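# Architecture and fold: a report
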Amino acid sequence: MKICVLVKEVPDAAVEKRIDPATGRLDRSGERNLNPYDTHAIEAAMQIREGGTVEVEEIVAVTMGPESAVRALHKAVSLGADRSVQLTDDALAGSDVAATGYALAKTLESESPDLVLLGQQSDDGECYTIGAVVADHLKMPSLTQVIKMDVGNDGPPTLRCERQAEYGYDTVQIELPAVISVGDAINEPRYPSLKAIMGARKKPLEAVATGDIGIEAGMVGEEGSRVQCGDFHDPEAKPAGRIIEDEDTNETVEQIVAWLEERKLI
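In short, a report on the structure. Since this is a predicted model, take the numbers as computed values, not measurements.

Per the secondary structure count, the protein includes 7 helices and 13 strands. Compactness check: the protein gives a C-alpha radius of gyration of 23 Å against a globular reference of 18 Å for 266 residues, more than 25% above the reference. Once the C-alpha set of the protein is aligned to its principal axes, its extents read approximately 75 × 45 × 40 Å. Taken over 266 residues, the protein has a buried fraction of 44%. Partitioning the intrachain contacts of the protein with sequence separation of at least 6 by distance along the chain shows that 70% fall at a separation of at least 24. A total of about 15300 Å² of accessible surface is found on the protein, and carbon and sulfur atoms cover 49% of it. In the protein, 26 positive and 48 negative side-chain charges are present, and the distance between their average locations comes to 5 Å.

Pasting the structure below:
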């Protein structure tokens, strides 16, 4: 079995998210890290390998992003991936989820994976839908919010998955190849060892451009995106709150009650 794990470089959680008004895109100039939700997908791939039910020949981390995204791939490799592939090209700038899903699917086609794993969402866009878009282009079945996977090897390879739903849990058996978006409740990602961190840069990393894998120029970037961004502005500042000093308890209570009654809260 060959497993591809989709990963993404995202702004660090401590960085305040803002939209660049000049481009209408997320400002990514600050500190960036591997999307934390994708670490659960890497761990899921490692657990399938270590489970021994099926032989996993290799785990490949795949990303689309600028040159700096190589750091996310190094982190993915330190967590267990055997090698990585980076789709990077100026023509991809401004791609929405539809264009990104198409580009990632074209990248995965060249890898011919038996299983594609990814986190349930990215820590920046949080659209939850990239797995479904990729699966549609690859003509593979797809499941989202998966919190448990058991591999079956009786006949064609299958996965028995438990997924979170609005009303409880679904148990679904799915034949491979497939695209699975895992929830963060599926596992507790391991910490990379110092040896793995130091050796990550030595693992094979293949950089590909749109022309290398047959991506149509009109299907990516701003031209290939279906979402058009409008005007962005900061939310209106909230008025300062009122502070009531507790000099006279009875008077303070009366002021609070009057304030609540004025707003029909009592």
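The next subject is the sheet that holds strand β11 (residues 168–175). Across the sheet, which stays open at both edges, the 9 strands sit in the order β11-β10-β9-β12-β8-β1-β6-β7-β13 with mixed pairing between neighbours. Strands at the two margins of the open sheet, each flanked by one partner only, are β11 and β13 (205–208). For this sheet, the mean inter-axis angle between neighbouring strands, taken without regard to orientation, is 30°. With respect to the sheet, helix α3 (residues 97–109) is in contact with β1 (2–6), β6 (58–64), β7 (83–87) and β8 (115–119), its orientation differing from that of β6 by roughly 145°.

Looking at the element boundaries, D170 is found in strand β11. You can call D170 buried: its relative accessible area is 18%. Among the polar contacts listed, one links the side chain of D170 to the side chain of Y167, at a separation of 2.8 Å. Excluding residues within four positions of it along the chain, D170 makes contact with C161, E162, R163 and A165.

Okay, unusual backbone geometry next. Put simply, L176 and P177 share a cis peptide bond, and its omega is 5°. Inspection of the secondary structure puts P177 in the loop between β11 and β12 (178–182). For Y128, which is not glycine, the phi dihedral falls at a positive 65°. Take Y128: it is sitting in the loop between β8 and α4 (130–138). When its relative accessible area of 39% is taken as the criterion, Y128 is described as partly exposed. The phi angle at Q145 is positive, at roughly 55°, despite the residue not being glycine.

The biggest cluster of nonpolar side chains holds 36 residues, and the ones touching the most others in it are I3, V5, I48, L117, M149, L159 and I180. Counting only elements with at least two residues in this core, the list comes to β1, α1 (36–51), β6, α2 (70–78), β8, β9 (142–152), β10 (158–165) and β12. Take this core: its biggest share by element is 6 residues, from α1. Once residues within four sequence positions are removed from consideration, M149 is found in contact with A44, I48, L117, L159, R160, C161, I180, V182 and I186. Grouped together as the second largest cluster of nonpolar side chains are 25 residues, L6, V62, M64 and V116 included.

About the thresholds
- Residues numbered from 1 in each chain as written.
- Predicted model: local features only at pLDDT ≥ 70, side-chain atom pairs only at ≥ 80, totals over all residues.
- Heavy atoms only, no water.
- Helix = DSSP H or I, 4+ residues; strand = E, 2+ residues; numbered from the N terminus.
- Rg over C-alpha atoms; globule rule 2.2 N^0.38 Å.
- Buried < 20%, exposed > 50% of the residue type's maximum accessible area, 1.4 Å probe, protein only.
- Contact = heavy atoms within 4.5 Å.
- Areas by Shrake-Rupley, 256 points an atom, 1.4 Å probe, with all protein chains shown as cover.
- Lys, Arg positive; Asp, Glu negative; His and termini not counted.
- Charge placed at Lys NZ, Arg CZ, Asp CG, Glu CD.
- Pairing = 2+ DSSP bridges.
- Axes fitted to C-alpha atoms, helices over the stretch in contact; angles between N-to-C directions.
- Polar contact = N/O pair within 3.5 Å; in protein donor to acceptor, adjacent residues only side chain to side chain.
- Core = buried A, V, L, I, M, F, W, Y, C linked by side-chain atoms within 4.5 Å.

These values are about where atoms sit, not about what they do.
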